[in-house]
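Architecture and fold: a report
Given next are the chains, with one letter for each unit.
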Amino acid sequence: MHFFKPLALASALLLSSHVAAQADRNRITLAVHGGSGTISRTTITAEQEARYRASLEQALRAGHAVLAGGGSAVDAVVATIKIFEDDPLFNAGKGAVFTNEGKNELDASIMDGKTGLAGAVAGVTTIKNPITAARAVMEKSRHVLMAGVGADKFAAAQKLEIVDPAYFHTPHRWEQLQKAKERDQIQLDHDGKPKTSAVSPALSEPFEAWMVDHKFGTVGAVALDANGNLAAGTSTGGLTNKLFGRVGDSPIICAGTYADNQTVAVSATGTGEFFMRGVVAYDISARMRYSNASVNHAVDQTIKATLSDKNGRGGVVALDKNGIVKYGFNTEGMYRGAIRADGKPEVLIYKD
């Protein structure tokens, strides 16, 4: 009998140390992006730069507060992206761009690296924070993706905050739509100059001009919590003057968003069609899982193979299971940043 007491005590101590090791606040990490594209010191003013930096820092601090308080990676991703969705500076939530019909159609997705569960919404028009609806789809339904009126109704049934579509309207975005319609052009960014229209049903070239121009206003976040769990989320307003209910990669799991505790969490921004064709977010994870590539190498390989070599543009923010952050993009710049256990935000904009 006495033999079992020390054995039981040793087992309890081992279990206790294991639990303690699992909850390690020193490894918490959060990284974000707010769009990539033609972003240089000559294309934005000092005032604009200051506004972007302040908003990125605010979002990072919001997510960090969740992680530092013991919250989950999923909690942190939602809290972070809500800051972006509430800021008209970005093309997500309030201040989203307008479709050809003069509507704001919003997309968002989220994935839990611990469980492998995911949720997304596409083309919603009344949900104040689409990222909360994506989470509700993940946690409160048997589905992964809901779209349009059905997704709006589901969000209302879940008691999420519902707003009149006019809430998303901002004068700046409306003016962009009018200019794009005057030229019969689709604009991929919230600030860039639009290029040639892409209204023909068939592509004569492997890419179209509107797919490779200027800044992409999608926002996203990836997080690693104290328990070693990863999560990723992405939110966007899509394209200015887009037609026919077009949906990009942001609400598509494996294309614009992916998370797996064994490898990495990824959120993407850029020319959505290329990210969907190349399942970019998952491709990064697959390279890490099957080739044992580092997150840095995997991101660089994927950006080259699925974007650069195919005339696509954009970028990702990736966070691996060890807390290593990798920003990967083939554009002139990307609004991005990270924050770790020390609570000191890192905010970057330009390639250099």
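Above this text you will find the structure in question.
The sections below set out a description of the structure shown in this document. (Residues numbered from 1 in each chain as written. Predicted model: local features only at pLDDT ≥ 70, side-chain atom pairs only at ≥ 80, totals over all residues. Heavy atoms only, no water.)

Broken down by element type, the chain carries 9 helices and 12 strands. In the chain, buried positions account for 55% of the 352 residues. Expressed as a percentage of contacts within the chain between residues at least 6 apart in sequence, the contacts between residues at least 24 apart total 68%. Just so you have it, the chain exposes about 15000 Å², and 54% of that area is on carbon and sulfur atoms. (Helix = DSSP H or I, 4+ residues; strand = E, 2+ residues; numbered from the N terminus. Buried < 20%, exposed > 50% of the residue type's maximum accessible area, 1.4 Å probe, protein only. Contact = heavy atoms within 4.5 Å. Areas by Shrake-Rupley, 256 points an atom, 1.4 Å probe, with all protein chains shown as cover.)

Glancing now at the sheet that holds strand 5 (residues 219-224). Here we have 8 strands laid out as an open sheet, ordered 4-3-2-6-5-1-11-12, and mixed in their pairing. Strand pairing shows two members of the sheet lacking a second neighbour, strand 4 (145-147) and strand 12 (346-350), which therefore form its edges. Across the sheet, the mean angle from the axis of one strand to that of its neighbour is 10°, orientation sign disregarded. Bridge count for strand 1 (residues 29-37) against strand 5 is 5 bridges, and the pairing is antiparallel. (Pairing = 2+ DSSP bridges. Axes fitted to C-alpha atoms, helices over the stretch in contact; angles between N-to-C directions.)

Tallied over the entire structure, the rule returns 6 aromatic pairs. When the ring of F98 is compared with that of W174, the centres are 5.0 Å apart and the planes differ by 80°; the resulting orientation is edge-to-face. In this pair, F98 is assigned in the loop between helix 3 (73-85) and strand 2 (106-112) and W174 in helix 6 (residues 171-182), connecting sequence segments 76 residues apart. F98 gets classed as buried once you look at its relative accessible area, which sits at 2%. On the numbers, 5.2 Å between centres and 80° between planes, the contact of Y258 with Y282 is edge-to-face. Separated by 24 residues along the polypeptide, Y258 in strand 7 (residues 257-259) and Y282 in helix 8 (residues 280-291) bring together distant segments of the chain. In this structure Y258 comes out as buried when scored by relative accessible area, which is 11%. Take Y282: its relative accessible area is 29%, and that puts it in the partly exposed class. (Phe/Tyr/Trp six-rings, centres within 6.5 Å; stacked < 30°, edge-to-face > 60°.)

Below, the discussion takes up the pattern of salt bridges. Evaluated as defined, the whole model comprises 14 salt bridges. Ionic pairing is found between E139 and R135, a salt bridge with its closest N-O pair at 3.0 Å. Remark: R135 and E139 occur in helix 4 (residues 130-140); sequence separation between them is 4 residues, near one turn of the helix. For E139, a relative accessible area of 43% corresponds to the partly exposed category. With a shortest N-O distance of 2.8 Å, R287 and D283 are connected by a salt bridge. Residue R287 and its partner D283 are located together in helix 8, separated by 4 residues, close to a single helical turn. Residue classification places R287 among the partly exposed positions, given a relative accessible area of 21%. Linked through salt bridges whose partners overlap, the residues forming this network are D75, R135 and E139. (Salt bridge = Lys/Arg side-chain N within 4 Å of Asp/Glu carboxyl O.)

The subject of this paragraph is the nonpolar core. Ranked by internal contacts, the top residues of the largest apolar core, which has 49 residues, are L30 and I110. The element best represented in this core is helix 3, accounting for 7 residues. Membership of the second largest hydrophobic core comes to 35 residues, among which are A293, V299, V317 and M334. (Core = buried A, V, L, I, M, F, W, Y, C linked by side-chain atoms within 4.5 Å.)

Another aspect to go through is the pairing of strand 3 (residues 118-124). Across the 7 residues of strand 3, 6 count as buried, placing the element largely inside the fold. Taken together, strand 2 and the strand that follows it, strand 3, pair antiparallel across an intervening segment of 5 residues, in which G116 is found at a positive phi of about 80°. In the sheet, strand 3 pairs with strand 4 via 3 bridges, with the strands oriented parallel. Across the sheet, the residue bridging to A120 is L145, located in strand 4. The parallel pair strand 3 and strand 4 is bridged by helix 4, and the resulting crossover is left-handed. (Right-handed = clockwise from strand over helix to strand, strands pointing away.)

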